[in-house]
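# Summary of structural features
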Amino acid sequence: MSVLDNFNIGLRKQFIQAHQIEIEKRAKSNKNYRRINEYSEYIFSKSHPIKPNVIMYDSFLGKSMTDNPYAIFLEILKRDTEHKYHHVWILENPDNFQSRRFADLDNVEFIRPYTKKHLQYLAIAKYLVINTSMPYYFVKRPGQIMINMWHGTPIKGMGKYMGGRFGQWANVQRQFLMTDYMVHPNFYTQNIMNDSYDLNKIYEGVQLTVGYPRVDLIQSTDVSVFSNFLSTVVPFDPNKKIVLYAPTWRGNQESVANMTEEFVQNSLAIQSSLPAGYQLLVKAHQIAYDKAKSDNRIKNILVPNDIDTSELLSITDVLISDYSSIFFDFLITGKPVFLYAYDLDSYIADRGLLLDINSVPGNVVLTIEQLSDSLNNLDNYKMNNSENVHDYVSWQNGKAAYYIIDELFDVTEKITNEYEVKIDNGKSNIVIYLDGFEDDDYYSKVQFINSLVENDDNNIVLLTKDHFNDEELLQLSQIRIAYSHIFRLGQVNYSIDNYVPYSLANQGDMSMYEKGSVQEVFEEEIRRVVPLEKVDQFIYLGKMMDVFENNLFAFGMRAEKKTYVKTNSFYSDQETRLGISKNEYMRKNIFPQYSEIIDLTSINSEPIFIGENFYLPLVFNNESMSAIKIENGNKLFIIANSLLDFDGIFGIYNLQRLANKKSYDAIYIYGDEEKFKDYFDVEENIYLVDSKKNNLTNILPLVLNCSDLMLDVKEINKKNKAFYSYVKNKDINIVDMNA
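Residues numbered from 1 in each chain as written. Predicted model: local features only at pLDDT ≥ 70, side-chain atom pairs only at ≥ 80, totals over all residues. Heavy atoms only, no water.

### Looking at the overall build of the chain
Cut-off, in case you're wondering: A run of H or I in DSSP counts as a helix once it spans at least four residues, and a run of E counts as a strand once it spans at least two, with each numbered from the N terminus. Relative accessibility under 20% of the residue-type maximum defines a buried residue, over 50% an exposed one, and the middle range a partly exposed one, all with a 1.4 Å probe and only protein chains included. Note on contacts: a residue pair is in contact if any heavy atoms of the two residues lie within 4.5 Å.
A count of helices and strands for the chain gives 27 helices and 27 strands. Buried residues in the chain amount to 57% of all 739 residues. For the chain, restricting intrachain contacts to residue pairs at least 6 apart in sequence, the fraction spanning at least 24 positions comes to 72%.

Set out below in structure tokens:
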């Protein structure tokens, strides 16, 4: 490690003082920074080891003590008669109807989300049992075991197939890649989740297709006991049958009020349509519940968010839903299911459906009138598409939780059961970090990526930021090879203690690096944003003058082979805030961390004298590909790689006419040599430069050796903006083919 000693001492002192004040101020005034700092204290500290007997449960980010984590909790409680395990539930309201049922247990603890206790357990609990995602700053520590059971068989678009901005699924994907055990209710869900979150090829862990533990509760709940409990919460008539209305969420966070009113109106309309002997209970989606619970119109029929839906389904006689996965769970009962899809067309346009709703088990109704007629004719109910029920519930034999816990606490590596699939792709992971979409050398980076050879032995994984504008998405589409896409999101985890050394390092001052805390920050950040089991090769195509990016991957990334690609020589030297030369810092500290440097800007611009002629070597990847004769006098360089037809905007015919005029001592044509050679095989003053073998950047000295440059300005700006931005400011006459 080279420590540069040419920084300004005064600047350094000011920098340290300013950053000490800044981090302390942030920790007090910004709750997000405070959480990150507190969580970082636990993951970086050796005094907070992982507790082998602690199980942390988080259902819907602390919204309730329900769903699959709750079913697993009940099964472990039943087995753990000696109270070996300490159970920690993350709950927004630790004192609710559900949690009070377990208040007398000394080994069950309820913690509010994002408190110090929560952040501590997030770092020290050996077992993490969840059904959605984790905070973006979470990073699974070595020795922790995470199981994600998600929360339903998907019918609506998920992950990359869901409406919204590109990359909005990044944190869910990141968390899945950290997961040791993924649980699925059926093979359909397994395939959809792996595809929707781009897990195929790169996820390595165990996938358990065993059915859902929560569905176990529909079959195993003591109906009498639960009914007595529910009657203390919701005033329902035990002598009437129950119709449950449980729709999915529509809209977004900004439309909570409107969507809640729609839910209330639908509930009232359904209630007025019920036949004699039936009563309505309604279950609001997690997002809508807080608004709905204060509405007096449905107060007496609204089931609290705290009540587990599967236990509620155990006493339900008729289910009315829509695009929610709840109806797949209820299929196990064989009771009537209605899918009230009153907004089918608009929902498909906005969110999308993975399945044709008319092909799934259950009866679709589009209007309240159709629903009313169906409810008043239940004696003649016949489920549509009942032959497909098996596809979704075939694994639901009441033992899902039993199988999962056997797997979770069994230390054997051997996978023997038919429902277990241990995924080890056996391929090399090549991770490419791509950034600098706004820089002139972006297209050079894309061309380099497209030059990589795809084969069955490698997985190419592209790591980028997670927010893109429309122009950047268009740029991203220029990548032609197949790849898996992961994202850098959130911010770096650091504590108050290591913030200043970390900040100094990102200004080129490595004097405190050897203490180890800075190294830990970079390594933890790589584990957070690149949660892959292994990285065999890493390729850096980020910003060359961004010290933080360069530090992160130089010192944090561990790979068998690390490659740094230099793509831009068109920048002036810059200094950090400490007065350190970035060029010098890169040369002394960054490049030595890589096993290979590919310099796409390294061109031998001095022609080689052979006999009586000068030749210019064309270089790529530091290997001489060919050499081209340099003529004296008036020379023309033509970029014509996209003009292959006689009737094109320029055309081979016009190129021939230009050559025959003998206006130039030499003409260099950059294009597809295979297509051009038949037309320019005899002319002594015409030289072909094969565009398949040579990047434009690599033949820049040849271009600048010419007096005139003919090209399609619009096309070159699309495909090689960096090249054009450079040459247009040089002493060369540019002729636009479209002018």
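Now that the structure has been shown, we can carry on.
### What to know about the packing of aromatic side chains
Keep this limit in mind: Only the six-membered ring of Trp is used, alongside the rings of Phe and Tyr, when aromatic pairs are assigned; centres must lie within 6.5 Å, and planes under 30 degrees apart are stacked while those over 60 apart are edge-to-face, with the rest tilted. In this analysis the charged atom, NZ for Lys or CZ for Arg, is taken to sit over a ring once it is within 6 Å of the ring centre and within 35 degrees of the ring normal.
Evaluation of the coordinates by the stated rule reveals 43 aromatic pairs. A centroid spacing of 5.8 Å and a plane angle of 85° characterise the contact between Phe187 and Trp395, whose relative ring orientation is edge-to-face. On the criterion of sequence distance, the pair formed by Phe187 in helix α6 (residues 187–196) and Trp395 in the loop between α15 (389–393) and α16 (400–408) is long-range, its members being 208 residues apart. On the basis of relative accessible area, Phe187 is assigned to the partly exposed category, the value being 45%. Judged by its relative accessible area of 18%, Trp395 is buried. Each ring, one from Tyr502 and one from Phe522, has its centre 5.9 Å from the other, and the planes form 55°; the classification is tilted. You can see Tyr502 sitting in helix α19 (residues 496–505) and its partner Phe522 sitting in helix α20 (residues 517–529), a full 20 residues away along the chain. We note that Tyr502, like Phe522, is buried. An aromatic cluster is present here, built from Tyr433, Phe538, Tyr540, Phe553, Tyr564, Phe591 and Tyr594 joined pairwise through their rings. Here the basic side chain of Lys126 rests over the ring of Tyr127, its NZ or CZ set 5.8 Å away from the ring centre.

### Re the confidence of the model for the chain
The condition is simple: Looking at any residue, its pLDDT shows the predictor's confidence there, from 0 to 100.
On average, residues of the chain carry a pLDDT of 86, and 88% of them reach 70 or more. Taken together, the stretch residues 619–625 has pLDDT below 50 and engages in 14 contacts with residues farther than four places along the chain or on a different chain.

### Quick look at the side chain of Arg488
Our working rule: Polar contacts, as counted here, are pairs of nitrogen or oxygen atoms within 3.5 Å of one another; within protein the pair requires one atom able to donate a hydrogen and one able to accept it, and residues that are adjacent in sequence qualify only if both atoms are side-chain atoms.
Among the structural elements, Arg488 can be located in strand β16 (residues 484–488). Within the structure, the side chain of Arg488 is placed 2.9 Å from the side chain of Tyr433, a separation counted as a polar contact. With residues up to four places along the chain from it excluded, the contact list for Arg488 reads Tyr433, Leu463, Thr464, Lys465, Asp466, Val529, Phe548, Glu549, Leu552 and Phe553.

### Quick word on the pattern of salt bridges
Quick reminder of the rule: Basic side-chain nitrogens of Lys or Arg form a salt bridge, by our definition, when they fall within 4 Å of a carboxyl oxygen of Asp or Glu.
For the structure on display, the rule yields 28 salt bridges. The partner of Asp67 in a salt bridge is Arg214, with the nearest N and O atoms 2.6 Å apart. Within this pair, whereas Asp67 is found in helix α3 (residues 67–79), its partner Arg214 is found in helix α7 (residues 213–220), the two being separated by 147 residues in sequence. For Arg214, a relative accessible area of 5% gives the class buried.

### Details of the sheet that holds strand β11 (residues 337–340)
Cut-off, in case you're wondering: DSSP calls a pair of strands paired once it identifies at least 2 bridges connecting them. Each axis is a line fitted through C-alpha atoms, and for a helix only the stretch in contact is used; angles between axes span 0 to 180 degrees, taken between their N-to-C directions.
Pairing is parallel across the open sheet formed by 5 strands, whose spatial order is β9-β8-β10-β11-β12. Each of the sheet's edge strands pairs with one partner strand only, and the pair in question is β9 (278–282) and β12 (363–365). Along the sheet, successive strands turn relative to each other by an average axial angle of 25°, direction set aside. For β11 and β12, the ladder comprises 3 bridges, and the chain directions are parallel.

### Some remarks on the sheet that holds strand β27 (residues 733–736)
Spatial strand order, β25-β24-β23-β26-β27: 5 strands in an open sheet with parallel pairing. Each edge of the sheet is formed by a strand with only one pairing partner; in this case those strands are β25 (686–690) and β27. Neighbour-to-neighbour, the strand axes of this sheet turn through a mean angle of 20°, independent of strand direction. In terms of strand pairing, strand β26 (residues 708–711) meets β27 through 4 bridges, oriented parallel. Looking at the pairing, Leu711 lines up with Asp736 of β27.

### Quick notes on the nonpolar core
Counted only if it meets this: Put simply, a nonpolar core is a bunch of buried Ala, Val, Leu, Ile, Met, Phe, Trp, Tyr and Cys residues held in one set by side-chain atoms that sit within 4.5 Å of each other.
Counting residues in hydrophobic clusters, the biggest one holds 168 residues, and the most contacted among them are Leu230, Ile270 and Phe553. Those residues in contact with Leu230 that sit more than four places away from it in its chain are Phe236, Leu281, Val303, Ile307, Leu312 and Ile315.

### Some details on α16
For an α-helix the count is 3.6 residues per turn, leaving residues at separations of three or four pointing the same way. Most of α16 is tucked away: 7 of the 9 residues are buried. Among the residues of α16, Ala400, Ala401, Tyr403, Ile404, Ile405, Glu407 and Leu408 are the ones counted as buried.

### A word on helix α17 (residues 442–450)
A large share of α17 lies buried, amounting to 7 of its 9 residues. Those residues of α17 that sit buried are Tyr442, Tyr443, Ser444, Lys445, Val446, Phe448 and Ile449.

### What to know about the environment of Lys445
Along the chain, Lys445 falls in helix α17. Considered as a pair, Lys445 and Tyr540 are 95 residues apart in the sequence and their alpha carbons are 9.9 Å apart. For Lys445, the contacting residues outside a window of four places in its chain are Leu434, Asp435, Gly436, Leu541, Gly542, Lys543 and Thr567. From its side chain, Lys445 meets the backbone oxygen of Asp435 in a polar contact 2.7 Å long. Here Gly542 takes part through its backbone oxygen, which lies 3.1 Å from a polar atom of the side chain of Lys445.

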